[in-house]
Amino acid sequence: MIKKKTNGVFICLSENRLHAAVTSGAVPSCKIDKVFQARWDDESEIESLKGELESHKNGNYIPSRFAFSPSSRFVRKFEIDKAAKKKNANYLLDIIRDEFRLEPEKLAVNIVNQGDGEEFDVDEGTETKVVFSGLETEELREQQNKILENGFYPESLEISSVAVLGGIVDYSRQMEIPGAILILDITSDNSQVFVIRQGEVDVTRPIPYGVHSMIPVVKQELGLKDDESARKLFFSNTFDFTEVGPKLLKKLIRELQASTGFYEVQTGQTISQIYLPMLPDSLRWIIPVLAEALGVEVLNPNFERWLETHGISFDSSIDTPLMNEDWFGLFSLICPHTSQPDKKPDDEKETEESS
């Protein structure tokens, strides 16, 4: 029987920008036909995108698999004590409250197995190494309402940080990257550090410094009269902050050096690459500044080769070499993550580059 051709719409939203793709064929062996970018806060750009996706509309909405970046998002790795879990019915809630210093009654939380990314069975699960992720319930409602107001219906809704982690875990497996990858997810008020090695999440750690912590330093270094002037300049994309970058990022660099140094001493493994997901254009100078300060390379993903390992191809009209690391979140939504690298025929085996 000939299978009916299926199409999919995938959307990954950062705090400031949207990446979208239309696929044809059944996942995973599909083709990415079109890709789009738009500013989420620009009504004209969103209307233009909806016009491009008009043929995928169902009623008043465009069904899509959606990922977004809530400001209250968190991701934490933890090792379950099975004996304590058995004795205490509130054990998982106590972890969130006591270990993560968060308020579980205000959160929407998901727990997955660290090894394979499958959802953790709260009642019968035997896995001990898990990853908690979530956000504030109130922000979830607000984000869902805004997505619907903009004409999209999320058939599934994921936190972009989690999608990116899953994508990079799979990428490191499929591309056989030998060293560890440092991921820094910067939000307005804080940051989260992750270390991926050999296809697993080795480290999750919050850092109490975000973009807003740099504003007073900008004001001081550039002699500006108030924080608002510093804020406008900082996000204007009209000033090159690369030269003063180490001063603006001093606290963040110190935290990262402590985290990476401890990790390398503890494990004997070297962090070789760094990745910062979905920064706005005005803050992209942060990437080379941090890479130089930490003595690592910037992850430069080969999307075409990675997705080929899953039977996913790009339409010839898409110029994949022009895509930077910001597209990782979107392609992570499309890519079916696996727990082990795909096997290659002996005559196709070759030394893989790390980027």
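Notes on the structure in this doc start here. Everything numeric in this text was worked out from a predicted model, so none of it was measured.

## What about helix α9 (residues 250-267)?
Working step 1: Helix length check: α9 (18 residues) gives 26 Å between terminal C-alpha atoms against 26 Å at 1.5 Å per residue, within 8%.
Working step 2: Elements that come into contact with the buried residues of α9 comprise β9 (180-186), β10 (191-197), β11 (200-207), α8 (245-248), β12 (271-275) and α10 (286-294).
Working step 3: Residue Gly268 follows α9 closely and has a positive phi angle near 75 degrees.

## What to know about the layout of surface pockets
Working step 1: Considered as a void within the structure, the largest pocket measures approximately 940 Å³ in volume.
Working step 2: Asn110, Val112, Gly117, Glu158 and Val162 are, among the 38 residues lining the largest pocket, the residues nearest its centre.
Working step 3: Contributing elements (two or more residues each) for the lining of the largest pocket: β4 (62-68), β6 (107-113), β7 (129-136), β8 (152-159), α5 (160-174), β11 and α12 (328-334).
Working step 4: Looking at the lining of the largest pocket, the element that brings in the most residues is α5, giving 7 residues.

## Re the nonpolar core
As a rule of thumb, nonpolar side chains are buried together in soluble globular proteins.
Working step 1: Among the nonpolar cores identified, the biggest contains 39 residues, and Ile32, Ile168, Trp306 and Phe331 are the most heavily contacted of them.
Working step 2: Counting only elements with at least two residues in this core, the list comes to β1 (7-13), α5, β9, β10, α11 (303-308) and α12.
Working step 3: Take this core: its biggest share by element is 6 residues, from α5.
Working step 4: Listed in part, the 34 residues of the second largest apolar core include Val195, Ile287, Leu290 and Ala291.

## Section: the packing of helix α6 (residues 215-222) against helix α7 (residues 227-234)
Any two packed helices are characterised by the angle at which their axes cross and by the distance between the axes.
Working step 1: With their axes 8 Å apart at the nearest point, α6 and α7 run at an angle of 95 degrees to one another. Considering the angle they form, α6 stands roughly perpendicular to α7. On α7, the residues touching Ile215, Pro216, Val218, Lys219 and Leu222 of α6 are Asp227, Ala230, Arg231, Leu233 and Phe234.
Working step 2: A per-class count over the contact of α6 with α7 returns 7 nonpolar, no polar and 3 charged.

## Concerning the environment of Glu43
Working step 1: Mapping Glu43 onto the fold places it in helix α1 (residues 43-52).
Working step 2: Exposure remark for Glu43: the relative accessible area of 65% places this residue in the exposed category.

## Here we look at the sheet that holds β10
Working step 1: Pairing in this open sheet of 5 strands is mixed, and the strands run β11-β10-β9-β12-β13 from one edge to the other. The sheet is open, and its two edges are formed by β11 and β13 (297-298), each paired on a single side.
Working step 2: Taken together, the 2 bridges between β12 and β13 define a ladder with parallel strand orientation. Across the sheet, the residue bridging to Ile274 is Val298, located in β13.
Working step 3: α9 rests against β9, β10, β11 and β12 of the sheet, and its axis sits at about 145 degrees to β11.

The rules behind the values
Residues numbered from 1 in each chain as written. Predicted model: local features only at pLDDT ≥ 70, side-chain atom pairs only at ≥ 80, totals over all residues. Heavy atoms only, no water. Helix = DSSP H or I, 4+ residues; strand = E, 2+ residues; numbered from the N terminus. Expected span 1.5 Å × (residues − 1). Contact = heavy atoms within 4.5 Å. 1 Å grid on protein atoms, 1.4 Å probe; cavity = no way out; pocket = protein on both sides within 12 Å on 5 of 7 lines; lining within 4 Å. Points joined across faces, edges and corners; volume = space filled by probe spheres on them. Core = buried A, V, L, I, M, F, W, Y, C linked by side-chain atoms within 4.5 Å. Buried < 20%, exposed > 50% of the residue type's maximum accessible area, 1.4 Å probe, protein only. Axes fitted to C-alpha atoms, helices over the stretch in contact; angles between N-to-C directions. Parallel < 35°, antiparallel > 145°, perpendicular 65-115°, else oblique. Nonpolar A, V, L, I, M, F, W, Y, C, P; charged D, E, K, R; others polar. Pairing = 2+ DSSP bridges.

That's the geometry; what it means functionally is another story.
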